[in-house]
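Observations on the model geometry
Letter by letter, the chains look like this.
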Amino acid sequence: MLKKSTLFIFTFFLLFQHSYAQKPQKPNAAEIYNQIQKLNFLGSVLYIAAHPDDENTRLISYFSNEKMARTAYLSLTRGDGGQNLIGPELRELLGVIRTQELIEARKIDGGEQFFSRANDFGFSKNPEETFEIWDKEKVLADVVWTIRKFQPDVIINRFDHRSPGTTHGHHTASAMLSVEAFDLSNNTERFPEQLQWYTPWQCKRVFFNPSVWFYGSQEKFDSADKSNFSTLETGVYYSDLGLSNQEIAALSRSCHKSQGFGSTGSRGQDKEYLELINGEPLKDKTNIFEGIDTSWNRIEGGKAIGKAITNIQERFNYSNPSASIPALIKTYQMIEALDENHWKPIKLNEIKNIIASCAGLYLEAVASEDQATPGSTVKIKIEAINRSAIPMELKSITSFPDKNNTDINKALEFNNTQNLSVNIQLPENMSYSQPNWLKEKPTTGMYQVSDQKTIGIADIIRDVKLEFNITINGISIPFERVVVYKFNDKVKGEMYNFLDVVPEVSSKIIDQISFFNDGNKKKMAVIVKAGKDNIKGELMLELGDNWNVFPPYIPFSLDQKDNEKTFYFDVTPPKEASEITAKSIVLLDNNKKQDKEQIMINYDHISKQQVLLPSEAKFKKLDLITTNERIGYIMGAGDNVPECLSQMGYKVTLITPEEINTRYLNNFDVIITGIRAYNTLPFLKTRQHLLLEFVKRGKTLIVQYNTPDRTIPANIAPYPLTLSNDRVTDENATVEFLTPEHPILNYPNQITQKDFKGWTQEQGLYYPNVFDAAFTPILSSHDKGESPKKGALLVASYGKGQYIYTGLSLFRELPEGVSGAYRLLANMIALKTPETIETQP
């Protein structure tokens, strides 16, 4: 299918997808024309699934760019429970990364992005378990809220609501909630608190989007009866861009870098299938909008607007887009006069962008610094330029949040830059720039967002902005720009960040987990960072009962913004075993209290993110015995296990596969491979024979979980072992000791059932399900209604040494301070030497 023109208002981001997301758009004539096409279509599609990367980017791109529909993806979670292939961030910090990856994906495929408050608590085997942990009523309310807000004509589910237990429980749950919300969104008796903002809405149809994955194989999918399915020809070629729809979709999917979902585009014919689940049947199964008026006629008084836009399309001059401005201004006035609350604001925003693009109207507000504190004054440099012959005048600039209006009254003459400056006074109670879903304490299953209006918003809400009030052909039009920070990188060139509103001061306990097992006092380091100049106060370390800290407080003074100082407290544990959460608290001279740690997430493929979390650490006096092994750690997908090992007292060295040789390995007693090391380090398999020889000489190799795919070498273990998708998702599942006398359960720590209490998210994942008789399975557990899984911890003697494979989720449990995980890991490490084995009971 050949498409002569297409909507690509986001082409800029295709060409510069590694630049920061705040870089302004500068569309060309073809892109402007397609914005006009989009302006003349009033139909919408909402795609619904459970996680980032569940979405079908081919369909999102197809509806947004071929059909010109307003298209959005509702991901019920932010992917907090997944793994991270690009860094150590897990849980809510990974959720922040994956949220931004979805935002970048939508900029490429043309969609919008929404979320619910559901927390991705990890893998779930059925929707019943999912709903036990999620607050089903609240998640359902969020789906209804999104439907009422977005008003989709059509909903498409990624997953089937009729097949519980065949896929991730979150997947099926997303479809079940979508089907239920289809009937409820038009019911005024359900979630009536939402109706002060949005009206009830009845979607026309809801579909299921089956795929090869759903059927299990390409062969089964090809042979399936599709006679009742709607078939969409999605293999569109966009000639003005030189890309196929599939190539756009692949670029979008490749934004999910933290999940390793880089995708290669394809070309040629392509089909997508939709099964009608509810709503009006279709006569024409190729047109899911059948019976829906997607023209301006659907709005009272809109018919004339549709004709005006059609006329603009027909007369559009690619060589001189500004020739369309007089007609666009008249159309803007017609839209503004509508008595309608849904499409009116959407189309006003679209047509303003088109007018600015046709005029080459460039408006920018750049802060002098990238951070500011509440109550401070932000200096803004303004650039305004009109690169058309259309007369314009910059009447005034209104700043927010202080709502200060500055009269300008300057003509914007052709290609003549106006450089101005204003100051924005931030209020003392200004909210910090941070993900709105992390402002309140979450539960295992739900994030807490008290402000109904902000539920589901994807990005950080940026309140520092300017409104440029510009008169064009005698009509005043406001153009809003968020304040950014711009700088030049010697390698990357022009770079952008958002302006972040930051705390006046933040603090961080350097060691997130500390052990006091010898009963002696330890010096604990706390970093204090200034968010502004000349900050003074007192730093305190708040501990639990029976723990002592000296001094009780430390005065500090920081002269310049971004300065940091490290302070030390002597902490003494109680005599008995104890575990506490220590809190770092700063009292400022103005009597303000700050207890947040500032975390900056900064990767090239997403916008920089400030996350503010309680400044806390876990102090533990455990019944934990460790030995003196030297450990080499091969980092895989990324985890914090090495830091936890160091806290246990081990000497840990990070090593790369390239460094592995027999002489170098002699420096270590134990080698541990990080999570998914064999999946993510292709060179590692070329050194596997050296690692096995290391074991044979009397050392220990501990292999943490990998996913079963083609990257796994045949000799990942010294004896046959097959990885599977087996896992135990219930972190509280009862654990049976299959070989209670085995040294790994007895030395140097006596492992009991108590050591499996307090685990988080899951017990383990991707267990081997077939393994040689040379392996001794140590543990057995299972989720409700399932057969026992015995692959969580396998031990085999090989030569003089020990090989251990474990799918236990140590990478989650250790950073969370789960005591039993530390004790069991200490025993794995101590298993290495023959002399140790001889002394074990």
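Before reading on, note that the structure itself is shown above.
Scope of this entry: the structure provided in the associated data block. Quick caveat, the model's predicted, so the values are computed rather than measured. (Residues numbered from 1 in each chain as written. Predicted model: local features only at pLDDT ≥ 70, side-chain atom pairs only at ≥ 80, totals over all residues. Heavy atoms only, no water.)

1. What to know about unusual backbone geometry
One can expect most non-glycine residues to show negative phi and most peptide bonds to be in trans. Cis geometry is adopted by the peptide bond preceding Pro401, which originates at Phe400 and carries an omega value of 15 degrees. Mapped onto the elements of the fold, Pro401 is located in the loop between β14 (392-400) and β15 (404-411). Following Phe550, the chain continues into Pro551 via a peptide bond in cis, with omega recorded as -5 degrees. Phi is positive for Asn473, which is not a glycine, with a value near 50 degrees. As for its placement among the helices and strands, Asn473 is situated in the loop between β17 (465-472) and β18 (475-482). Among the residues examined, Asn473 registers a relative accessible area of 42% and is labelled partly exposed. A positive phi angle, close to 75 degrees, is found at Asp562, a residue other than glycine. (Helix = DSSP H or I, 4+ residues; strand = E, 2+ residues; numbered from the N terminus. Buried < 20%, exposed > 50% of the residue type's maximum accessible area, 1.4 Å probe, protein only.)

2. Comments concerning the environment of Pro720
On the secondary structure map, Pro720 appears in the loop between β37 (700-704) and β38 (721-728). On the basis of relative accessibility, which here comes to 56%, the residue Pro720 falls in the exposed class. Considering only alpha carbons, one finds Pro720 and Ala774, 54 residues apart in sequence, at a separation of 9.0 Å. If sequence neighbours within four positions are ignored, Pro720 has contacts with Phe771, Asp772 and Phe775. (Contact = heavy atoms within 4.5 Å.)

3. Digging into the packing of helix α2 (residues 29-39) against helix α13 (residues 343-359)
Where α2 meets α13, the axes come as close as 10 Å, and the angle between the chain directions of the two elements is 160 degrees. Looking at the two axes, α2 sits roughly antiparallel to α13. α2 and α13 meet at a crossing whose hand is left-handed. Residue-level contacts link Ile32, Gln35, Ile36, Lys38 and Leu39 of α2 to Lys347, Glu350, Ile351, Asn353, Ile354, Ser357 and Cys358 of α13. Looking at the contact of α2 with α13 residue by residue, the class counts come to 6 nonpolar, 3 polar and 3 charged. (Axes fitted to C-alpha atoms, helices over the stretch in contact; angles between N-to-C directions. Parallel < 35°, antiparallel > 145°, perpendicular 65-115°, else oblique. Left-handed = near helix turned anticlockwise from the far one by under 90°. Nonpolar A, V, L, I, M, F, W, Y, C, P; charged D, E, K, R; others polar.)

4. What about the pattern of salt bridges?
Side-chain pairs of opposite charge can arise whenever the charged atoms involved come near each other. Scanning the model with the defined rule gives 39 salt bridges in all. Ionic pairing is found between Lys395 and Glu393, a salt bridge with its closest N-O pair at 3.9 Å. Judged by relative accessible area, Lys395 falls into the partly exposed class, the value being 32%. Classification of Glu393 as partly exposed rests on a relative accessible area of 27%. (Salt bridge = Lys/Arg side-chain N within 4 Å of Asp/Glu carboxyl O.)

5. Structural notes on the environment of Gln371
One can find Gln371 in strand β12 (residues 371-372). On the basis of relative accessibility, which here comes to 9%, the residue Gln371 falls in the buried class. In the structure, Gln371 is positioned 270 residues away from Val641 in sequence and 33 Å away in space, judged by C-alpha atoms. If we skip the residues at most four places from it in the chain, Gln371 touches Leu499, Asp500, Val502, Lys561, Asp562, Gln598 and Met600.

6. Topic: helix α7 (residues 169-184)
Two residues of an α-helix separated by three or four positions point the same way, owing to the 3.6 residues in each turn. Compared with an ideal rise of 1.5 Å per residue, which puts 16 residues at 22 Å, α7 spans 22 Å between its outermost C-alpha atoms and is within 8% of the ideal. Where burial is concerned, most of α7 is hidden: 13 out of the 16 residues are buried. (Expected span 1.5 Å × (residues − 1).)

7. Focus: helix α6 (residues 136-150)
Taking 1.5 Å per residue as the helical rise, α6 with its 15 residues ought to reach 21 Å, and the 21 Å between its terminal C-alpha atoms agrees with that figure. Most of α6 sits out of view: 12 of its 15 residues are buried. Listed in full, the buried residues belonging to α6 are Val139, Leu140, Ala141, Asp142, Val143, Val144, Trp145, Thr146, Ile147, Arg148, Lys149 and Phe150. Each element contacted by the buried residues of α6 is listed here: β2 (44-49), β3 (70-75), β4 (112-115), β5 (154-157) and α7. Positive backbone phi, approximately 55 degrees, marks Gln151, located one or two places after α6.

8. Thoughts on the nonpolar core
Among the nonpolar cores identified, the biggest contains 76 residues, and Leu645 and Met828 are the most heavily contacted of them. With 7 residues, helix α19 (residues 819-830) is the single largest residue contributor to this core. (Core = buried A, V, L, I, M, F, W, Y, C linked by side-chain atoms within 4.5 Å.)

9. Topic: the pairing of strand β34 (residues 630-634)
In terms of burial, β34 is a largely internal element, 4 of the 5 residues being buried. Strand direction decides the pairing type here: β34 and strand β35 (residues 651-655), joined by 5 bridges, are parallel. Among the inter-strand pairings, Ile631 is bridged to a residue of β35, identified as Val652. In this view, the connection linking β34 to its parallel neighbour β35 by way of helix α14 (residues 641-647) has right-handed handedness. Pairing geometry for β34 and strand β36 (residues 670-673), over 4 bridges, is parallel. Residue pairing in the sheet places Ile634 in a bridge with Thr673 of β36. (Pairing = 2+ DSSP bridges. Right-handed = clockwise from strand over helix to strand, strands pointing away.)

10. Focus on the pairing of strand β27 (residues 554-558)
Residues Ile554, Phe556 and Leu558 point to one face of β27 and are all buried, whereas Pro555 and Ser557, pointing to the other face, are not buried. The pairing of strand β25 (residues 535-542) with β27 spans 5 bridges and is classified as antiparallel. Paired with Lys536 across the strands is Ser557, a residue of β27.

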